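# A closer look at the structure
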Amino acid sequence: MSRPTTDHLTALAEGVVADGFAPHQAAVAELVARARSLGVCPVLTDVVADPSAPRPARERALGRVVVALVAVAGAPSVLVTTGAASAA
């Protein structure tokens, strides 16, 4: 996962909430690896990566990891203006 957009991160988080972690296992693993490489709190990344952790705890940790990734990595948001997409 190289430099994900905030839209991509949001879609992943929403997908996990709607479908659970299992269908998004590969994307979550990539997200955790990226977060760890950028120094995001290891407690959060460990909870997200732990399939034995309660789902609500994993979902909350995922949300915090997404916020941290946006802050640390500066994931660009995608703005749509007059029908054209551009990176912010």
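Within the largest apolar cluster, 18 residues are counted, with the highest numbers of intra-cluster contacts made by Val28, Leu31, Val48, Leu62, Val65 and Leu69. Where this core is concerned, the elements lending two or more residues are helix H1 (6-19), helix H2 (25-37), helix H3 (42-49) and helix H4 (55-73). Ranked by residues supplied to this core, first place goes to H4 with 6 residues.

It is possible for side chains bearing opposite charge to pair when their charged atoms get close. Counted under the stated rule, the structure contains 2 salt bridges. One salt bridge connects Arg36 with Asp46, and the closest N-O pair in it is separated by 2.9 Å. Here Asp46 lies in helix H3 and Arg36 lies in helix H2, a separation of 10 residues in the sequence. In this structure Asp46 comes out as partly exposed when scored by relative accessible area, which is 42%. Note that Arg55 and Glu59 form a salt bridge whose closest N and O atoms lie 2.6 Å from each other.

Further remarks concern the packing of H2 against H3. One can describe the packing of H2 onto H3 by two numbers: an axis separation of 10 Å at closest approach and a directional angle of 165°. Overall, the two elements H2 and H3 adopt an arrangement that is roughly antiparallel. The crossing of H2 and H3 is left-handed. Counting all contacts with H2, which are made through Val28, Val32, Ala35 and Arg36, the residues of H3 involved are Thr45, Asp46, Val48 and Ala49. The residue makeup of the contact of H2 with H3, split by class, is 5 nonpolar, 1 polar and 2 charged.

Taking 1.5 Å per residue as the helical rise, H2 with its 13 residues ought to reach 18 Å, and the 18 Å between its terminal C-alpha atoms agrees with that figure. Directly beyond the C-terminal end of H2, a positive phi value near 80° is found at Gly39.

Mapped onto the elements, Arg58 comes out in helix H4. Although buried, Arg58 forms no salt bridge, and the nearest oppositely charged side chain, Asp50, lies 6.4 Å from it. Setting aside residues no more than four positions away along its own chain, Arg58 makes contact with Phe21, Val47, Val48, Ala49, Asp50, Pro51 and Ala53.

Once that is clear, we can look at the packing of H1 against H2. Their axes nearest at 11 Å, the elements H1 and H2 cross at an angle of 130°. Our classification of the angle between H1 and H2 gives oblique. Of the two elements, H1 crosses H2, and the hand of that crossing is left-handed. Between H1, through Leu9, Leu12 and Val16, and H2, the contact on the second element is made entirely by Ala27, Val28 and Leu31. Across the contact of H1 with H2, the residue classes break down as 6 nonpolar, no polar and no charged.

About the criteria used
- Residues numbered from 1 in each chain as written.
- Predicted model: local features only at pLDDT ≥ 70, side-chain atom pairs only at ≥ 80, totals over all residues.
- Heavy atoms only, no water.
- Core = buried A, V, L, I, M, F, W, Y, C linked by side-chain atoms within 4.5 Å.
- Buried < 20%, exposed > 50% of the residue type's maximum accessible area, 1.4 Å probe, protein only.
- Helix = DSSP H or I, 4+ residues; strand = E, 2+ residues; numbered from the N terminus.
- Salt bridge = Lys/Arg side-chain N within 4 Å of Asp/Glu carboxyl O.
- Axes fitted to C-alpha atoms, helices over the stretch in contact; angles between N-to-C directions.
- Parallel < 35°, antiparallel > 145°, perpendicular 65-115°, else oblique.
- Left-handed = near helix turned anticlockwise from the far one by under 90°.
- Contact = heavy atoms within 4.5 Å.
- Nonpolar A, V, L, I, M, F, W, Y, C, P; charged D, E, K, R; others polar.
- Expected span 1.5 Å × (residues − 1).
- Lys, Arg positive; Asp, Glu negative; His and termini not counted.

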